[in-house]
Every structure is written in C-alpha cells, then in structure tokens.
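Notes for the structure review
Below, each chain spelled out in residue letters.
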Amino acid sequence: MPEGHTIHRLARRHQTLFRRQHVAVSSPQGRFIDGADAVNGRVFSRASAWGKHLFHHYEGGRIVHVHLGLYGKFSDFPVQDGVPEPVGQVRMRIVGTEKGTDLRGPTACEVVDEAEVSAILARLGPDPLRKDADPSAAWARISKSRRVIGALLMDQTIIAGIGNVYRNELLYRHRINPHRPGTLMEESEFAEAWTDLVALMKVGVRRGRIITMRPEDDHGMPSYAPRRPRTYVYRRATDPCRICGTAIRTEVLEGRNLFWCPTCQS
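Here the structure is a predicted model, which means the values were calculated and not measured.

Procedures and definitions
- Residues numbered from 1 in each chain as written.
- Predicted model: local features only at pLDDT ≥ 70, side-chain atom pairs only at ≥ 80, totals over all residues.
- Heavy atoms only, no water.
- Pairing = 2+ DSSP bridges.
- Helix = DSSP H or I, 4+ residues; strand = E, 2+ residues; numbered from the N terminus.
- Contact = heavy atoms within 4.5 Å.
- Axes fitted to C-alpha atoms, helices over the stretch in contact; angles between N-to-C directions.
- Parallel < 35°, antiparallel > 145°, perpendicular 65-115°, else oblique.
- Left-handed = near helix turned anticlockwise from the far one by under 90°.
- Nonpolar A, V, L, I, M, F, W, Y, C, P; charged D, E, K, R; others polar.
- Buried < 20%, exposed > 50% of the residue type's maximum accessible area, 1.4 Å probe, protein only.
- Patch = residues over 30% accessible without salt bridge, like charges linked within 9 Å, V, L, I, M, F, W, Y side chains within 5 Å.
- Areas by Shrake-Rupley, 256 points an atom, 1.4 Å probe, with all protein chains shown as cover.
- Salt bridge = Lys/Arg side-chain N within 4 Å of Asp/Glu carboxyl O.
- Lys, Arg positive; Asp, Glu negative; His and termini not counted.
- Charge placed at Lys NZ, Arg CZ, Asp CG, Glu CD.
- UniProt positions renumbered as here; feature names shortened; annotations may be inferred.

1. Description of the sheet that holds strand 9 (residues 108-112)
The 5 strands are arranged 1-3-4-5-9 in an open sheet whose pairing can be described as antiparallel. Where the open sheet ends on each side, the last strands, each with one partner, are strand 1 (21-22) and strand 9. In this structure, strand 4 (residues 53-58) lies alongside strand 5 (residues 63-67), joined through 5 bridges in antiparallel fashion. Residue pairing across strands places Leu54 opposite Val66, the latter belonging to strand 5. Contacting strand 1, strand 3 (43-50) and strand 4, helix 1 (residues 4-18) crosses the sheet at an angle of about 170 degrees to strand 3. Helix-sheet contacts for helix 3 (residues 114-122) involve strand 3, strand 4, strand 5 and strand 9, and the interaxial angle to strand 4 is about 165 degrees.

Structure follows, in structure tokens:
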C-alpha cells in the first residue's frame, strides 16, 4: 500500500496537471459513473492529501475522495495527439488540456462534500507532512496505550501516512523495540522520532522513494530487491544487521510483517 509521501506527491502532481482547468472526468469501467458525472466539466480547484487519503477539490464544493488501498494506481498520459483508449479497469479518468490520468484499482473513489471530508479527517491522526500537524495528539494516545509501539505506529487514527517501511525503519533508527508498550515510551523518544519521521517523509516526497539509510551506515550491502533503496531492517529477515551483524528477525504483528534487530533494538 502506498505510504503518505506517495499521496502527497500525487496531490502535487495533479495540482500541477489540472489546477484551474475545466477537466473532463469519466468512468470507463462504469463503477464511478454518477460521481464522474457530478464533477465532469467543472474547474479543478486544487488537490490535497492527508495521510493515505487524496482529495480532488472542484469549484462548487464537490470533492472526489480517493484511497488507493493495496492495488490502486494513477497513470498519466499525454493528450496532444488525442485521448487514448482506456486500458484495463479504469475507475476514473481525468483529462486536462495537456495531460490526463487514469485511476485503477482504488479502495475508495467517491464524491463527497466538506462535511464528509471533515468526518474522514476526524478519524485520522496528524499527518507528519502537513504544516498543521499536531504531534501532541499522537503522543497523547500513544502514552496511554498498552498496545506495542510497532502496532501503534501503523494505526492511521494515531498517525496518518505511516506504512510498513517507515514503521520498521523509524523504530530501528531510534533503537526502539517494536514490542514496547506505548505506556513505556518516553516523551523525548517520541519527539525525536516524530522530528525524524517528518524529515524522512519530506525526502520521500522530493525523491519519490523511501530513503532511510544514514550515509555513514551505508556500507554497500545489497538491498532487499533490485532497484530498491537499501534499508536497515525492512524485508531483511535473517540477513545480518548493518550495524551489529545480528540476524534480523521478523514476525506478523496485527496482520503486517514486522522486522527488527534483537540486539540494536533490545
């Protein structure tokens, strides 16, 4: 599932492609016909993101809410030589003056109003990539919870936008055992991790990749997969820790794969 930096990149991209344009919106697949008709031909005002939720704002107050889920993806195409025929199950197509984009496989694609957007946001924790993020709201919930920090960081109602890569890598970078209950976290630890998370996710927005390795720790060990950035622990089960050499461990925690170093994160 795309993490928060990807959604913020999409918001910036769509704002660049379509802002202040009358856009054509359709649903070649047929599952978003009513929603597409509601915004078709309207001016695309702006795009915004909160955690893993993307919002397209149109003049007149109508908003398209998109959650990509596990399989959702946007793909852009040029329109100067004509609009191409859709390929595959395109839920929503947006066509502007120079570019278009197709959305396939999202978990959610719906037209909502401001009240419904407020209801969605009310269920989410602060987003580290937003200037209005209030980390104290996340800390208040973490510090009172007996759930382990490895699970709390993946809870979108506590912090919006963190996915499995950022979760595992952030805990390693701060030498925090993922099995430690929230009630045993120190506020100073959380504050340092939050500051680091904001910086890491901003790099992700700029570069389009999750970069977590500190240069001084990058000794050339291969990544977990070709053309993927090197990680400390993510998807490195049984491989030696880049710092101490201990075998990285893994387990399933609340349905997601957890990775950690039992020595560095003891």
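Here the narrative resumes, following the displayed structure.
2. A few points about the packing of helix 1 against helix 7 (residues 187-207)
Between helix 1 and helix 7, whose axes approach to 8 Å, the crossing angle comes to 45 degrees. Accordingly, the angle class assigned to the pair helix 1 and helix 7 is oblique. In the crossing of helix 1 with helix 7, the sense of the turn from one axis to the other is right-handed. Only Met201, Gly204, Val205, Arg206 and Arg207 of helix 7 make contact with helix 1, whose side of the interface consists of Gly4, His5, His8, Arg9 and Arg12. Among the residues forming the contact of helix 1 with helix 7, the class breakdown is 2 nonpolar, 4 polar and 4 charged.

3. Comments concerning the pairing of strand 3
Among the 8 residues of strand 3, 6 are classified as buried, and the element is accordingly described as predominantly covered. Here strand 3 folds back onto strand 4, and the loop between the two strands holds 2 residues, one of which, Gly51, carries a positive phi near 60 degrees.

4. Observations regarding a negative patch on the surface
A cluster of acidic residues, Glu110, Asp113, Glu114 and Glu116, forms a negative patch at the surface. Relative to the helices and strands, Glu114 resides in helix 3.

5. A word on the UniProt feature "domain: FPG-type" (unreviewed entry) in the protein
Per the UniProt record, "domain: FPG-type" (unreviewed entry) is annotated on residues 232-266. Between the first and last C-alpha atoms of residues 232-266 the distance is 15 Å; the span itself is 0% helix and 29% strand.

6. Looking at the pattern of salt bridges
Taken as a whole, this structure holds 9 salt bridges when the rule is applied. Linking Arg93 and Asp102 is a salt bridge whose minimum nitrogen-to-oxygen distance equals 2.7 Å. Comparing Arg93 with Asp102, the two get one shared label, buried. The salt bridge involving Glu189 is made with Arg180; its shortest N-O contact spans 2.6 Å. We classify Glu189 as partly exposed; its relative accessible area is 21%. Salt bridges sharing partners connect three or more residues here, namely Arg93, Asp102 and Arg104.

7. Some words on unusual backbone geometry
Even without being a glycine, Arg227 presents a positive backbone phi close to 60 degrees. Within the secondary structure layout, Arg227 lies in the loop between helix 7 and strand 10 (249-253). Look at Arg227 and you get exposed, because its relative accessible area is 76%. The phi dihedral of Glu254 falls on the positive side, at around 50 degrees, and the residue is not glycine. The topology assignment puts Glu254 in the loop between strand 10 and strand 11 (256-260).

8. Considerations on the pairing of strand 8 (residues 99-104)
Bridge count between strand 6 (residues 73-78) and strand 8: 6 bridges; the pairing is antiparallel. Along strand 8, the bridge assignment pairs Lys73 with Arg104. Across 5 bridges, the pairing between strand 7 (residues 90-95) and strand 8 is antiparallel. Residue pairing across strands places Met92 opposite Leu103, the latter belonging to strand 8. Taking the residues that link successive antiparallel strands as the turn, the strand 7-strand 8 hairpin has 3 residues.

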